[in-house]
Amino acid sequence: MTGSLSPHILLVIPCYHESKRLPPFLEGLCPALELLPFPVTLQVADDGSGEDDLAKLRPVVEEAQANYPSFVRPLLELPHEGKGGTILRAWQTAPSC
């Protein structure tokens, strides 16, 4: 077999009422992902937190998108399905790697 397969990871961060914890988490995570020797695509998927929380999350994910090319369009308008449902929905709508 010629060539090699390199890994590509889609990392989905499900969140529910995480507007306080997500910003510092992304501040540490995004730069660390940039140092990896393989591509990691990052996507935040909100699990129906509500408009107050989303209003706080939007600028955070917009900044991450602007600063890190591996950050894909967040899913912020999902219905509440629990972590598993939110992750599955994100995988189903993710761009192909």
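Computed from a prediction, not measured in an experiment: that's the story for all the values here.

## Here's the deal with the nonpolar core
- By size, the foremost hydrophobic cluster in this structure holds 17 residues, and its most contacted members are I13, L22, L26, L42, V44 and F71.
- Elements that contribute at least two residues to this core include exactly β1 (9–15), α1 (22–34), β2 (40–46) and α2 (51–67).
- Grouped together as the second largest cluster of nonpolar side chains are five residues, V12, A45, L78 and A90 included.

## Some thoughts on the pairing of β2
- Within β2, seven of the seven residues are buried, which leaves it mostly tucked inside the rest of the structure.
- Of the two faces of β2, the one holding V40, L42, V44 and D46 and the one holding T41, Q43 and A45 are both buried throughout.
- Looking at chain direction, β1 and β2 are connected through seven bridges and run parallel. The partner of I9 across the bridge, within β2, is V40.
- A crossover links β1 with its parallel partner β2, the connecting element being α1, and its sense is right-handed.

Rules used in this analysis
- Residues numbered from 1 in each chain as written.
- Predicted model: local features only at pLDDT ≥ 70, side-chain atom pairs only at ≥ 80, totals over all residues.
- Heavy atoms only, no water.
- Core = buried A, V, L, I, M, F, W, Y, C linked by side-chain atoms within 4.5 Å.
- Buried < 20%, exposed > 50% of the residue type's maximum accessible area, 1.4 Å probe, protein only.
- Helix = DSSP H or I, 4+ residues; strand = E, 2+ residues; numbered from the N terminus.
- Pairing = 2+ DSSP bridges.
- Right-handed = clockwise from strand over helix to strand, strands pointing away.

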